[in-house]
Amino acid sequence: MATTALLPAIAQPSRLYDWLTTTDHKKIGILYFFNSLLLFLVGGALALAVRTELAQPGLQAMDESTYNQMFTMHASVMIFWVVIPFLAGFGNYLTPLMIGAPDMAFPRINALSFWLLPLSALIAILGFPLGGAAANGWTSYSPLAQERYASGLGTDLWIIALLLVGTSSILGAVNFLVTIFKMRAPGMTLFRMPIFVWTILVTSVLVLMGTPVLTAALMMLYIDRNFGGAFFNTALEGGNAILWQNVFWFYSHPAVYIMILPAMGI
């Protein structure tokens, strides 16, 4: 009898395991918040290092290379791992509730979209102990981002990390769009949806149109750096550094609306 009574307790997974494996949209939304707040502390520490160096003219706390790493990673962390995911957390938590859906359309893909974020952040930050993080600015313009000016693993890790962030954003956008268009409660027409859901919808369209272009650009930059490509490498015939600016800002201009529209909806 005592053994039987213990069985349900033994079979219960731990709370940590439950959170790590959850596909519940509310819990995933909370995980987005927690991840963004944790990385906000990292970004804040990097900003503090930058401001410490700028407190007086000349070099006090670090050399030029370290300073470039600090401001590059500060901007990257704040944009790609803090602001955008934090707002995605609101979208995950609130959108199904506001339209009467039981969950997101693809719960497991929703969980994958989240877990790609801490993994990608770890990959980008690993550049610091592995010889130096990315130091080309968050825009990573060529020729600064090419191998001859940015040798080492830091920039390659930054590219791989942003490829994972882009994959996360694209999967999340598809999930939001399918949820909003296909899982609204009866009577919840598009024009009865709350304004927040509309901002998530428009943001998802922008992500779906812009992020694949940035993802392709990052792949081209990685090929330039590691496989002798000539997309943006002006040292080789046919290389055009301005092409990077075209494809990078095709995403990064809409990115300002990706970052502000959900906040306006709130």
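What counts and what doesn't
Residues numbered from 1 in each chain as written. Predicted model: local features only at pLDDT ≥ 70, side-chain atom pairs only at ≥ 80, totals over all residues. Heavy atoms only, no water. Helix = DSSP H or I, 4+ residues; strand = E, 2+ residues; numbered from the N terminus. Buried < 20%, exposed > 50% of the residue type's maximum accessible area, 1.4 Å probe, protein only. Areas by Shrake-Rupley, 256 points an atom, 1.4 Å probe, with all protein chains shown as cover. Lys, Arg positive; Asp, Glu negative; His and termini not counted. Charge placed at Lys NZ, Arg CZ, Asp CG, Glu CD. Axes fitted to C-alpha atoms, helices over the stretch in contact; angles between N-to-C directions. Left-handed = near helix turned anticlockwise from the far one by under 90°. Contact = heavy atoms within 4.5 Å. Nonpolar A, V, L, I, M, F, W, Y, C, P; charged D, E, K, R; others polar. Core = buried A, V, L, I, M, F, W, Y, C linked by side-chain atoms within 4.5 Å. Polar contact = N/O pair within 3.5 Å; in protein donor to acceptor, adjacent residues only side chain to side chain. Parallel < 35°, antiparallel > 145°, perpendicular 65-115°, else oblique. Phe/Tyr/Trp six-rings, centres within 6.5 Å; stacked < 30°, edge-to-face > 60°. Lys NZ or Arg CZ within 6 Å of the ring centre and 35° of its normal. Patch = residues over 30% accessible without salt bridge, like charges linked within 9 Å, V, L, I, M, F, W, Y side chains within 5 Å. Salt bridge = Lys/Arg side-chain N within 4 Å of Asp/Glu carboxyl O. Expected span 1.5 Å × (residues − 1). Bend = angle between axes of the 7 residues up to and from the residue.

Asker: Break down the overall build of the protein chain for me, with residues and values.
Answerer: On a plain count of helices and strands, the protein chain comes out with nine helices and zero strands. Listed by position from the N terminus, the elements making up the protein chain come as α-α-α-α-α-α-α-α-α. For the protein chain, the spread of C-alpha atoms along the three principal axes comes to 70 × 50 × 40 Å. A total of 266 residues make up the protein chain; the buried ones form 44% of that total. Split by element, the accessible area of the protein chain, about 13,300 Å² in all, is 71% carbon and sulfur. Once the 10 positive and 10 negative side-chain charges of the protein chain are each reduced to a mean point, those two points are 20 Å apart.

Asker: Lay out the packing of helix H7 (residues 195–226) against helix H8 (residues 241–252) with the relevant residues and their values.
Answerer: For the pair H7 and H8, interaxial distance at closest approach is 7 Å and the crossing angle is 145°. Considering the relative orientation of H7 and H8, their crossing is left-handed. Here H7 contributes Met-209, Gly-210, Thr-211, Val-213, Leu-214, Ala-217, Leu-218 and Leu-221 to the contact with H8, which in turn contributes Trp-244, Val-247, Phe-248, Phe-250 and Tyr-251. Broken down by class, the residue content of the contact of H7 with H8 amounts to eleven nonpolar, two polar and no charged.

Asker: Explain the nonpolar core to me, and be specific about the residues and the numbers.
Answerer: Inside soluble globular proteins, nonpolar side chains tend to come together where they are buried. Of all hydrophobic cores here, the largest spans 49 residues; its most connected members are Met-73, Trp-81 and Leu-218. Of all the secondary-structure elements, those providing two or more residues to this core are helix H3 (25–54), helix H4 (64–99), helix H5 (107–125), helix H6 (153–182), H7, H8 and helix H9 (254–265). Leaving out residues up to four positions away in the same chain, Trp-81 has contacts with Asn-35, Ser-36, Leu-39, Ser-76, Leu-117, Ser-120, Ala-121, Ala-124, Ala-161, Leu-162 and Val-165. Within the second largest apolar cluster, twelve residues are counted, among which are Leu-177, Phe-196, Val-197 and Leu-201.

Asker: Hey, could you go over the environment of Trp-81 for me, with residue numbers and the actual values?
Answerer: Examined against the element boundaries, Trp-81 turns out to sit in helix H4. Between the alpha carbons of Trp-81 and Phe-40 there is a distance of 8.1 Å; along the sequence they are 41 residues apart. At 3.4 Å, the side chain of Trp-81 and the backbone oxygen of Leu-117 are in polar contact. Within the structure, Trp-81 has its side chain in polar contact with the side chain of Ser-120 (distance 2.8 Å).

Asker: Tell me what's going on with the packing of H3 against H4, and back it up with residues and numbers.
Answerer: The N-to-C vectors of H3 and H4 enclose an angle of 160°; their axes lie 7 Å apart at closest approach. When the axis of H3 is compared with that of H4, the two are roughly antiparallel. As H3 runs across H4, the sense of the crossing is left-handed.

Asker: Could you give an account of the packing of aromatic side chains, naming the residues involved and the relevant values?
Answerer: As enumerated under the stated definition, the model contains 16 aromatic pairs in all. Centroid distance Phe-114 to Trp-115: 4.8 Å. Interplanar angle 70°. Geometry classified as edge-to-face. Classification of Phe-114 by relative accessible area gives buried; the value is 4%. Aromatic ring contacts, followed pair by pair, group Phe-80, Trp-81, Trp-138, Phe-231, Phe-232, Trp-244, Phe-248 and Trp-249 into a single cluster. A cation over an aromatic ring shows up here: Lys-27 above the ring of Trp-19, its NZ or CZ 5.3 Å from the ring centre.

Asker: Which residues make up a nonpolar patch on the surface, and what are the values?
Answerer: Together, Phe-34, Leu-38, Phe-40 and Leu-41 give the surface a local cluster of nonpolar side chains, amounting to about 450 Å² of exposed area. Taking the relative accessible area as the measure of exposure, Phe-34 reaches 57% and is therefore exposed.

Asker: Outline unusual backbone geometry, supporting the account with residue identities and numerical values.
Answerer: Along the chain, Ser-142 connects to Pro-143 via a cis peptide bond; the corresponding omega equals 5°. Relative to the helices and strands, Pro-143 is located in the loop between H5 and H6. Its identity as a non-glycine residue notwithstanding, Ser-140 has a phi of 50°, on the positive side.

Asker: Could you give an account of H4, naming the residues involved and the relevant values?
Answerer: Over its 36 residues, H4 runs 51 Å from end to end, which matches the ideal 52 Å to within 8%, given 1.5 Å per residue. At Met-78, H4 shows its maximal bend, which comes to roughly 30°. Just downstream of H4, Gly-100 is the residue with a positive phi angle, here 75°.

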